[in-house]
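Observations on the model geometry
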Amino acid sequence: MKKNWPILVVDDEEVMCESMAAWLREDGYRVNTAPNGQQALELAQATDYAICFVDLKMPGGMDGIETMMEIHRVRPEASVIIITAYATVDTAIQAMKEGAQEYIVKPCNPQEISMLVARILKLKKLQSENAILRKKLTRQYRHHDIITKNPRMEEILALTQDISSLRSTVLIRGESGTGKELVARAVHCSGSRAEKPFVAVSCAALTETLLESELFGYEKGAFTGANGQAKGKFELADGGTIFLDEIGDISPKLQADLLRVLQERRFYRVGGGQEVEVDVRIIAATNKNLAEEVQQGRFREDLYYRLNVIEIRLPALRERREDIPLLAEHFVHRISTELGKDISGISAGALKLLIAYDWPGNVRELENVIERAIVTCRNGMLEEQDFSWLQRSSGTSQNWEVPDVSLDELERRAIIIALERKHGNVKEASLALGIDRSTLYDKLKRYEISH
Amino acid sequence: MNVLYLVAIGNVPEKAWEWIENASAEWFPLPIRRLAPLPIPAEAYDEKRRQYRSVEIMKMLAQHAPRDATRVLGVTDVDLAIPMLSFLFGQAQLNGPIAVVSLFRLHQEFYGLPEDQSLLRERTVKEALHELGHTFGLTHCYQSKCAMSLATHIELVDAKTEKYCPECGMQLVERFTSLDGGV
């Protein structure tokens, strides 16, 4: 991650530049150095530095403050830290007024500098997260977000067109993150109800009583706090579509109420005595196997058949791996535009990694993963390293099967596995293998394993 | 080209060698040898700061590295610094052959406390593993108990253990077992 926050050190003393850079590199940062303001500026034009350490006094050409101002002209977001000797603290304070984020007096305590860098980067991370959340708040899901070349998905999309103008209830099944709401919106938007409301309700998010008043509304005095009449989602969706997500999680009482709405298209508000009539198309979704829930007695059979008039089963992302490059490119384009970042695409290596991953959270997880990579990416292209944390979490399990290889190769693999099991501890690995450590490194050398 | 050399710079207690040698043998599948001690280079001393320039000492180590050396770890008992920082426990070339560790601030006496050999051993081992870890490409680790976590004062050195965390250890395994990786 730290590699994504490049740092520039500007000082006319080479030893100062190089020793500072070496120290920061040990901490995992990508560091460049420049001996003067001019070269610093050229580097800043090419790289979006998160932090620039600039020495206040540099003989000839630009001094520290001029260099800082020029860097800010090309990289207004870069945090400049002015480095100063004790005698020049007043000027350093002047530099702060001109836009420096901090100043440090050399030589400074190692703790001071590592805390300063950590503090600035924490702020930068918060700023970028803030930007994403703002974008997320305003982002609208569009049905052309369904992108596929998978035959099953294409059939599903064709089906959404065919059924869009009917009023029949639709049940969408699929793991979380497969795009159930997107498909529901696609059905709604393609049909005659497109101009009317599409109201989505997550049934698992609310308790039984809350969900009841949420769906059906309530009359004044129905319960403590019910100060006036309120319309429920069914009324709000009148003429349009109501999308009941996670329908498998509703209580038996609500199952009965919902069955009545489905049969009669009429219901009572909570605490009300007058029936309300609505024209609403119901699309329900679940990640559960409802048929099994019915068998177990947890879901009403009659409701299940009412809901399951048209069933759409969305495949998991791992069942449509051919869509991963297509979706990834789409997300890169959309998210980088939204975040105002200039990312041209995903490298072949990174794509290979994405295709190999199993995506338990499906398309939503892919979208989040790409968003995270874009936020932290500092190059014009998403590379393997931008997804390295994904690779680590997917794990590389080592199952011992005797492969069709030479005995030497078997021995080499056994050594690697022993070292991995002991997390790199050579002493423990050689003990486990029953050889001494010098034999172990002799063998490593024999197999031309380098270090 | 696969020997890990240990070298004293100036006066270093004999015991420190054993400590570092044993700890290195536990983690690095390499032959470990000692070089004859080297004097502290005169140009390394900074009169104004009364400290020794770490960069000069590393330059000297590079000049004295034997042909079959893959890594050279220098150990000294003098106080090290770089222009930017007031002191260093040690320094290394990330992915490079040279590293240096200073025992100066690892002694309890430096903090006005009575000598403690067992604590000095632990600190010496932690810092030696830390700097050698850098030479094999490891950067600072977020786990405060890992030998690779960043210690900017002695309490943080004491918070570490004398071993790499599983994640850093796995990176070493990758390093030592990959067929196409370079030294």
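What counts and what doesn't
- Residues numbered from 1 in each chain as written.
- Chains lettered and ligands numbered in written order.
- Predicted model: local features only at pLDDT ≥ 70, side-chain atom pairs only at ≥ 80, totals over all residues.
- Helix = DSSP H or I, 4+ residues; strand = E, 2+ residues; numbered from the N terminus.
- Buried ≥ 20, exposed ≤ 12 C-beta atoms within 10 Å, placed from the backbone.
- Contact = placed C-beta atoms within 7 Å.
- Nonpolar A, V, L, I, M, F, W, Y, C, P; charged D, E, K, R; others polar.
- pLDDT = per-residue confidence, 0-100.
- Axes fitted to C-alpha atoms, helices over the stretch in contact; angles between N-to-C directions.
- Parallel < 35°, antiparallel > 145°, perpendicular 65-115°, else oblique.
- Left-handed = near helix turned anticlockwise from the far one by under 90°.
- Arc of directions from axis to C-beta.
- Pairing = 2+ DSSP bridges.
- Core = buried A, V, L, I, M, F, W, Y, C linked by C-beta atoms within 7 Å.
- Domains from an automatic or database assignment.
- Right-handed = clockwise from strand over helix to strand, strands pointing away.

What follows covers the overall build of chain B. Of regular secondary structure, chain B possesses five helices and eight strands. When the helices and strands of chain B are placed in sequence order, the string is β-α-β-β-β-α-β-β-β-β-α-α-α. Residues classed as buried in chain B amount to 46% of the 183 residues present. Counted over contacts in chain B with a minimum sequence separation of 6, partners at least 24 positions apart contribute 64%.

Further remarks concern the interface of chain B and chain A. On the side of chain A, 36 residues touch chain B, which itself brings 39 residues to the contact. Elements that contribute at least two residues to the side of chain B that touches chain A include exactly helix 1 (14–27), strand 7 (90–92) and helix 5 (166–177) of chain B. For the side of chain B that touches chain A, the element with the highest residue contribution is helix 5 of chain B, accounting for eight residues. Considering only residue class, the side of chain B that touches chain A consists of 23 nonpolar, 14 polar and two charged.

It is worth spelling out the confidence of the model for chain A at this point. Residue and element names in this part refer to chain A. Residue-level pLDDT values for chain A average 85, and 92% of them are 70 or greater. Low confidence marks residues 138–143, where pLDDT is under 50. Its contacts with residues over four positions away, or in another chain, come to six contacts. Low pLDDT (under 50) marks residues 393–400, which in the prediction has four contacts with non-local residues, meaning those over four places away or in another chain.

Residues and elements named next belong to chain A. Closest axis-to-axis distance for the helix 13 (residues 323–339)/helix 15 (residues 362–376) pair is 9 Å, and the angle between their directions is 45°. On the basis of their axis angle, the class for helix 13 and helix 15 is oblique. Crossing angle aside, the handedness with which helix 13 passes helix 15 is right-handed. Residues Ile324, Leu327, Ala328, Phe331, Val332, Ile335, Ser336 and Leu339 of helix 13 form the contact with helix 15, whose participating residues are Val363, Leu366, Glu367, Ile370, Glu371, Ile374 and Val375.

Note on placement: Gln39(A) falls in helix 2 (residues 37–46). Residues Gln39(A) and Val10(A) lie 29 residues apart in sequence; the distance between their C-alpha atoms is 8.8 Å.

Right, let's get into the environment of Leu43(A). All names here are of chain A. Relative to the helices and strands, leucine 43 is located in helix 2. A residue is classified by how many C-beta atoms lie within 10 Å of it, and leucine 43, with 18 of them, is partly exposed. Through-space distance from the C-alpha of leucine 43 to that of asparagine 32 is 8.2 Å; in sequence the pair is 11 residues apart. Beyond its immediate chain neighbours, meaning those up to four positions away, leucine 43 contacts Leu8, Asn32 and Ala34.

As a further point, take helix 1 of chain B. When we look at burial in helix 1 of chain B, the residues that qualify are Ala16(B), Ile20(B), Ala23(B), Ser24(B) and Trp27(B). Buried residues of helix 1 of chain B, seen end-on, are gathered within an arc of 100° and therefore sit on one face of the element. Helix 1 of chain B presents Glu14(B), Lys15(B) and Glu18(B) as exposed residues on the side facing more than 90 degrees away from its buried surface. Elements in contact with the buried residues of helix 1 of chain B: helix 18 (426–433) of chain A together with strand 1 (3–9), strand 2 (32–34), strand 5 (69–76), helix 3 (117–135) and helix 5 of chain B.

Moving on, we come to the confidence of the model for chain B. As a note on interpretation, predicted positions should not be read in detail where pLDDT is low. The share of residues in chain B with pLDDT of 70 or more is 97%, and the mean pLDDT across the chain is 93. For this predicted complex, the interface confidence comes out at an ipTM of 0.82, alongside a pTM of 0.56.

Lys106(A) connects to Pro107(A) through a cis peptide bond whose omega is -5°. Residue position: Pro107(A) is located in the loop between strand 5 (102–105) and helix 5 (110–138). Unlike most non-glycine residues, Asn362(A) shows phi in positive territory, near 55°. Mapped onto the secondary structure, Asn362(A) falls in helix 15. Take Asn362(A): there are 23 C-beta atoms within 10 Å of it, and that puts it in the buried class. Residues other than glycine seldom take positive phi values, yet Asn95(B) does so here, at roughly 65°.

Before going further, it helps to spend a moment on the sheet that holds strand 6 (residues 170–173) of chain A. All names here are of chain A. Strands sit in the order 7-8-11-6-12 across an open sheet of five strands; the sheet is parallel. Each edge of the open sheet carries a strand with a single partner, namely strand 7 (198–202) and strand 12 (310–313). On average, each strand axis in the sheet is inclined to that of its neighbour by 20°, with strand direction left out of account. Where strand 8 (residues 241–245) lies against strand 11 (residues 281–286), four bridges are found, and the strand directions are parallel. By the bridge assignment for strand 11, isoleucine 242 is matched with isoleucine 282.

Here the focus is the packing of helix 2 of chain A against helix 3 (residues 64–74) of chain A. Residue and element names in this part refer to chain A. Helix 3 packs onto helix 2 with a crossing angle of 15° between their chain directions and a minimal axis gap of 10 Å. In terms of orientation, helix 2 and helix 3 fall into the roughly parallel class. For the crossing formed where helix 2 meets helix 3, the hand is right-handed. Facing helix 2, whose interface residues are Gly37, Ala40, Leu41, Ala44 and Gln45, helix 3 presents Glu66, Thr67, Glu70, Ile71 and Val74.

Moving on: the sheet that holds strand 3 (residues 45–46) of chain B. All names here are of chain B. Strand order in the open sheet formed by three strands is 3-4-6, with mixed pairing between adjacent strands. Edge positions in the sheet fall to strand 3 and strand 6 (80–81), since each of these pairs with one other strand and no more. Here two bridges tie strand 3 to strand 4 (residues 51–53), and the two strands are oriented antiparallel to one another. Opposite tyrosine 45, over in strand 4, you have tyrosine 52 as the bridge partner. The strands touched by helix 2 (residues 54–63) within the sheet are strand 4 and strand 6, with strand 4 carrying the most contacts at an inclination of about 50°.

All right, on to the nonpolar core then. Nonpolar side chains in soluble globular proteins tend to end up buried together. Ranked by size, the top nonpolar core spans 103 residues in total, and within it Met20(A), Cys52(A), Ile82(A) and Val75(B) carry the most contacts. Taken domain by domain, the makeup of this core includes at least three residues from each of domain 1 (2–133) and domain 4 (407–446) of chain A. Contacts of Val75(B), omitting those with residues within four sequence positions, involve Leu6(B), Ala8(B), Ile9(B), Val12(B), Ala16(B), Ile20(B), Val101(B) and Leu103(B). Counting residues in hydrophobic clusters, the runner-up holds 36 residues, among them Cys203(A), Leu211(A), Ala237(A) and Phe243(A).

Here we take up the environment of Gln108(B). All names here are of chain B. Tracing the sequence through the fold places glutamine 108 in the loop between strand 8 (98–102) and helix 3. Separated by 11 residues in sequence, glutamine 108 and leucine 119 have C-alpha atoms that sit 8.0 Å apart. Non-local contacts of glutamine 108, meaning those with residues more than four positions away in its chain, are made with Leu113, Pro114, Glu115, Asp116 and Leu119.

All names here are of chain B. Among the seven residues in strand 1, six count as buried, and that is most of the element. Summarising the sheet, strand 1 and strand 5 pair through seven bridges and their orientation is parallel. The residue bridging leucine 4 from the neighbouring strand is arginine 71, located in strand 5. Bridge count for strand 1 against strand 2 is three bridges, and the pairing is parallel. Considered in strand 2, the bridge of tyrosine 5 is made with arginine 33. Handedness of the strand 1-helix 1-strand 2 crossover: right-handed.

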